[in-house]
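What the coordinates show
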Amino acid sequence: MSCKHCGADTSAGQDFCCPGCEAAHAAAGTLTENTGFSRLATESEGGTYTLTLGVEGIHCAACIRLIENALLSETDVTHARVNMSTERVSMTWQGDRTRGDALAEKVSKLGYRLHLLDRGREVADEASKALLRAIAVAGFAAGNMMLISVGLWTTDANTMGMATRDLFHWLSALIALPTVLYAGRPFFRSAYKVLREGHTNMDVPISIAVILACGMSVFEAIRHGQHVYFDSAVMLLFFLLIGRYLDARAKGKARESAANLLSKLSGMAVVYENGRATQVPITELRQGMIVLVATGETIPADGVVQKGRSDVDLSLITGETVPEVIEEGSEVFAGTLNLSAPLQIQVSKASDKSLLSEIVRLMETAEQGGARYVRLADKAAQLYTPVVHAMGALTFIGWWLVMQAPWQVSLLHAVTVLIITCPCALGLAVPVVQVLASGKLMRTGILLKSGDALEKLAEVDTVVFDKTGTLTLGKPKLNPGDYSRADLRIAASLAVHSRHPLSKALASAYDGDLLDLRITEVPGKGLFTEFEGWVFKLGSRAWCGDGSAPVDDTSLELWFAADGSPRARFTFSDQLRDDALDVVAALRSAGFDVRLLSGDRQIVAAHMAEKAGITTLKAEASPLEKCEYLKMLSQSGAKVLMVGDGMNDAPALASAHVSMSPSSAMDITQNTADIVFQGDRLGPILAALDVAGRSGKLVRQNFALAVLYNLIAIPVAVMGFVTPLVAAAAMSGSSLIVILNAFRLNLGKGRP
C-alpha cells in the first residue's frame, strides 16, 4: 500500500508511512480551497495579523493592482502587497485572526487561486505541466493547419475553386475550434473569473482577441468570404503559451532561493522523549524538545547542543564556507548542516520563530518593498486596462470609418493592438531584479530588511563607519589591571545587563557568581545601581567622576565608581577586522568618502582610523552627536551609508540615508539597520554596494526596454503593420527580454 500523504510504501493495513504524514494529512484536510488559512497568520504588536500565501494566475502588473486594491478596500486591512516574481500575496489586518479566511476568499473570487507556501513548488509544477500540454496541442494543431493553409496562401479562389477553398476553411475550423477551446483555457478561465467579479486583467484582451479572430473566421466561412484566420488564432495561442511557459520558468528560477530555504523548514525531525525516539514534523517542534540530528542531516530548529561534538556548515547563516566546531553548550540554527558526528539538541525556538524563518521573512519583505521604481510600475499598471481597451476600440473605428477599410481588416488590426499592448515587461522590471538581488546577497550572508534598501544603497557616495564592533571585531578582551576581585564582581554584575561590547567582555571575564542588582542604564554614559547603601557606576571616564586628564594610551576603557569616586579603570584590547584595511582602500579607490564616527576617546579612535587607512574622523561623540553629524552630512548633499552596530547605534543608523550592520545571528530580529550582514569580515559591504549598483542599472534598463517596446509596438500595431502572430511573439518576447536582462545580475561581478 501507499501512504495517503506522500505516496511512500507503507506496512500492510496502514494508511500512512509515519505519524508525521498522518498529522500533515489531517492538517491539510482542514484547509479547504478558501478557508483555514487564517490559522497560519502571524500576530504582531498592536493586535495586527499578517498572512502570506502563494497565489496562482499572476501574469501582469494589472493583476497585482487588482488584488491589492481589492484587499486595501477593506477598512481593517492595513497592508497588502503582491509579489509577481515569487507569486505571493501578503496581507496585514487588524482585529480577529479568522478575518484572514474572508480576505483569502475575496482574492479567490477575483480568479486567483491561493495555496500554502510549502505547496508553491508543487503548484508551479502542475501549472507548468498544464501549459506544456496546451503548447503541445496548439503546436500539433498549428503544424497540421499550416499544411492546409499553404494551399490557401499560394493560390486564389479562381484557381482552386470555391468549393475546394470552403472545404479547406472548414477543415481548418474542425482543427482550430477544439484546439482553441482546450489550449486557450489558461486565458479564458482567468478572464471569466475576473469579469464575473466586475474587474479585468491582461487575459481579458487576449481572450477577446482570440474569440474575435475565431468568431470572424466562422462568420466568413459561412458566407464564403476570404477573411478566415483559423490558422492565425491557433498560432497566436501557440506563441502566447510558449511565452507564458518561459515566463513561468524564469520566475521559478527567481523563486529558488526562497523555496530552497523554505524546504529546510519542511520534513521530519527525530524527537527524543520519555526514552523513545519518534518522528515529528519540523513545523511542530517547540521550545524545550530534545532533537536527535544524525551525521549529514540538516539541523531542524534553533537550539543548544546538549550532547555531542561535530563540525557544522554555517554558510547559510554566516556566508563562511569553513565549517565551525560545535560542542556542548554551543548554539546551532535551523537549516545548517551537521557534518561529522551525531548531535543531541534542545530546541530553543519553534520553527516559525527560528532564524531561518526570520531570514525568509526578511527576503519577502525586501522583495515586496515599496521602492520608488515599484510605485512607478504600480501607477503604470493602473492605466493599462482603460488604455488598452480604448486603443483597441479606437483602432477598429479608425480603420473602419476613417480609413474605409473592410470591417474584417479593421477588426484584425484591433485584435493585434489588444495582443501587443501588454504591461508584463513593466510589471516584471523591478520584482525580478529584487528577487535575484536579495537571493544573491542572502547566499553571501547579507540580509535586506527594507524594500528600498538596494535602491538607496545605489545612491551612496559617503560611507561612515562606527568603530567598536564594526570596524573592529567588537570582541575586546579585558587586560590585567590594578583592581580587586570584589570590584570586578560588582562591575561584572552591572555589565551583564548591557549589550555594549566592552560590557560583554567585562562580564565574560568574571568567572564567579554575579549579584542580583536593579540596574538603570543612561544612554551614552553607562549603568548604575544602588547596593548595600552605595551607588555604583560603570561607564565613561567623565560620568564616573574622574577629573584627571585621560591616560595617553590607545586602550579601550570602562570606569567603575562608588558614590562618585573612581574605584577602577578596566582596559580592553580590540582588533581590526581582517579585511578592514582592504575594504577601506577599495571604497576610497571607488570614489567613496570614507569616515570614522566613534564614541571612544580621540586617541583610541585616531589610532584605529590610522590602522584602517581612514583620514577623516569624529571621536567622543554621544548618540545624539552622531545623529547631528550624519544630518550635517546629509544637509551638505551627501548620501550616507552608516555602518554600525545595530543595537548601540540605532538613532545614528536611522539618521543615515541607508544603514548596514554586522550582527551576530541572534541579533537579526532586533537589529534596526536596513541591511544586516553575517560573519567577521567587512567584504559584504563591497558586495552589497556592487549588487545595489548593478541592480539599479538593470531596473532602469528594464524600464527603458518596457517603455521602448510599447512606444514602438503600439503605433506599429495601430497603423496595421503587424499581424496578430507577430504581436503575440513580440508581447511574449518583451517579457522574456526583461527577465533575461535581470538574470545578468548573476553573471559574475562585472557591472552591466
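A short tour of the structure in this document, coming up. (Residues numbered from 1 in each chain as written. Predicted model: local features only at pLDDT ≥ 70, side-chain atom pairs only at ≥ 80, totals over all residues. Heavy atoms only, no water.)

The next point concerns the overall build of the chain. Within the chain, the regular secondary structure consists of 25 helices and 27 strands. Counting over 752 residues, the chain shows a buried share of 52%. Put simply, 67% of the contacts in the chain that link residues at least 6 apart link residues at least 24 apart. When the accessible surface of the chain is summed, it comes to about 33200 Å², and 56% of that surface belongs to carbon and sulfur atoms. (Helix = DSSP H or I, 4+ residues; strand = E, 2+ residues; numbered from the N terminus. Buried < 20%, exposed > 50% of the residue type's maximum accessible area, 1.4 Å probe, protein only. Contact = heavy atoms within 4.5 Å. Areas by Shrake-Rupley, 256 points an atom, 1.4 Å probe, with all protein chains shown as cover.)

The seven strands are arranged β15-β27-β26-β25-β16-β23-β24 in an open sheet whose pairing can be described as mixed. Whereas interior strands pair on both sides, the edge strands pair on one side only; in this sheet they are β15 (446-448) and β24 (616-618). Direction aside, neighbouring strands of the sheet carry axes that sit 20° apart on average. Examined bridge by bridge, strand β16 (residues 462-465) and strand β25 (residues 640-643) share four bridges and lie parallel to one another. Bridge pairing in β25 places V463 opposite L641. (Pairing = 2+ DSSP bridges. Axes fitted to C-alpha atoms, helices over the stretch in contact; angles between N-to-C directions.)

Right, let's get into the environment of A405. Locating A405 in the fold gives a position in the loop between α12 (372-402) and α13 (407-420). For A405, a relative accessible area of 12% puts it in the buried group. Excluding its chain neighbours within four sequence positions, the residues that come into contact with A405 are W399, W400 and S410.

Another aspect to go through is the side chain of N741. Relative to the elements of secondary structure, N741 occurs in helix α25 (residues 724-742). Polar contacts involving the side chain of N741 include one to the side chain of Q701, which spans 3.3 Å. If near-sequence neighbours (up to four positions away) are discounted, N741 is found in contact with L698, Q701, N702 and L705. (Polar contact = N/O pair within 3.5 Å; in protein donor to acceptor, adjacent residues only side chain to side chain.)

With that out of the way, let us pick up a nonpolar patch on the surface. A cluster of nonpolar side chains, F219, L394, I397, W400, L401, V402, M403 and W407, forms an exposed patch at the surface whose accessible area comes to about 830 Å². Ranked by residue count, the leading element in the nonpolar patch is α12, at five residues. (Patch = residues over 30% accessible without salt bridge, like charges linked within 9 Å, V, L, I, M, F, W, Y side chains within 5 Å. Salt bridge = Lys/Arg side-chain N within 4 Å of Asp/Glu carboxyl O.)

On their own, these measurements won't tell you what the molecule is for.
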